[in-house]
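# Structural overview for review
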Amino acid sequence: MNGVAPPLRMGTRRSLMATTQSGLVAARLTELTGRAVELVGVTTFGDVTRAVLTQLGGTGVFVSALRDKLIEGDIDFAVHSLKDLPTTPDPRVVIAAIPPRDDHRDALVGTAKLADLPPGAKIGTGSPRRVAQLRALRPDLEYVPIRGNADTRIAKVTSGELQGIVLAAAGLGRLGREAEISQIFEVEEMLPAPGQGALAVECLAGRADLIEVLSVLDDARTRAAVTAERAVLNALEAGCAAPVGAYSADRGRDLFLTAAVVAVDGRRAVRKSTAGTSSAPMDLGRDLAAEMIAEGAGTLIGERAH
């Protein structure tokens, strides 16, 4: 033995988006700790199925295979897009780190800004949250469910099959595709998915040694903000395929949280905001969700199945 620690095995989905963001996390961990990291590609059910995410129930379809590899000991830790993670905790694993968040907003890749597209233009997105909010802005457009990686989706615009697609700005940024963005939606126009733009670094709950190593990646401000957002989703008992948007911005020691549930037709919404200390983000999210439920948010979520 020469005393050199073996490389840490990082599990990642195989898509270019996933391996790119995982590679950034790996490089940062090596920079901060000196530990070598090797990427282990894992194919998840969400990657191979052709079903639309809403048909799958959404939650966890990109996550369970990575968690299985953790439990089986084939990888040491995994990197997820936080918005893909179920909000109900799995006692076997722990989110050891949430690195600083990238852009939280949604972006339109298209031939023009949303307001300038002609009536009947086709916009591609597989997200009920995005469709509901887009319909509120432009009820005269046609919204088409799409799957596939970012390149596949962008190609549908380039070919003229679609006049636009909506993707997370963070993912486009990580892939270096910002030049193709025709519009960034501010949160007043379109609330992002809870946790959008953030990554989660997950390992086994029993690996105290590894939790300590990975904790150098954690950003307390991001963790507080996304905890509040995900608490709303959890309290609404809605999965990541539900038409729920939430965003929390921090101002010093306070969090300013806004959340919305939008009817699929875009005509009705329950949108609420609150503020509170960043030291109790879970309570902030739960309390806001309770106010939303009192105003009928649960009814709007239930309508998505009809």
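Turning to the environment of Val166, a few remarks are in order. Along the chain, the position of Val166 falls in strand E8 (residues 164–168). The exposure class of Val166 is buried, given its relative accessible area of 1%. In the structure, Val166 is positioned 32 residues away from Leu134 in sequence and 9.6 Å away in space, judged by C-alpha atoms. Residues in contact with Val166, not counting those within four places in the same chain, are Asp106, Ala107, Leu108, Ile123, Gly124, Thr125, Arg130, Leu134, Phe185 and Met190.

Before going further, it helps to spend a moment on the pattern of salt bridges. A side chain with one charge can pair with a side chain of the opposite charge if their charged atoms come near. Enumeration over the complete set of coordinates arrives at 24 salt bridges. For Arg105, the salt bridge identified is with Glu186, shortest N-O distance 2.8 Å. Note that Arg105 is positioned in the loop between strand E4 (93–97) and strand E5 (106–110) and Glu186 in the loop between strand E9 (181–185) and strand E10 (199–204), a separation of 81 residues in sequence. With relative accessibility at 35%, the residue Glu186 sits in the partly exposed group. One salt bridge connects Glu180 with Arg177, and the closest N-O pair in it is separated by 2.6 Å. By relative accessible area, which is 28% here, Glu180 ends up partly exposed. With relative accessibility at 21%, the residue Arg177 sits in the partly exposed group. It is possible to trace a salt-bridge network through shared partners that takes in Arg9, Asp76, Arg207 and Asp209.

The sheet built from 3 strands is open, its strands ordered E11-E12-E13 with antiparallel pairing. The open sheet is flanked by strand E11 (244–251) and strand E13 (269–277), the only strands paired with a single partner. Mean inter-strand twist for the sheet, computed between neighbouring axes without regard to direction, equals 15 degrees. Pairing of strand E12 (residues 254–262) with E13, which is carried by 9 bridges, proceeds in the antiparallel orientation. Note that in E13 the partner of Thr258 across the bridge is Ser273.

Parameters and conventions
- Residues numbered from 1 in each chain as written.
- Predicted model: local features only at pLDDT ≥ 70, side-chain atom pairs only at ≥ 80, totals over all residues.
- Heavy atoms only, no water.
- Helix = DSSP H or I, 4+ residues; strand = E, 2+ residues; numbered from the N terminus.
- Buried < 20%, exposed > 50% of the residue type's maximum accessible area, 1.4 Å probe, protein only.
- Contact = heavy atoms within 4.5 Å.
- Salt bridge = Lys/Arg side-chain N within 4 Å of Asp/Glu carboxyl O.
- Pairing = 2+ DSSP bridges.
- Axes fitted to C-alpha atoms, helices over the stretch in contact; angles between N-to-C directions.

Keep in mind these numbers describe shape, not what the thing actually does.
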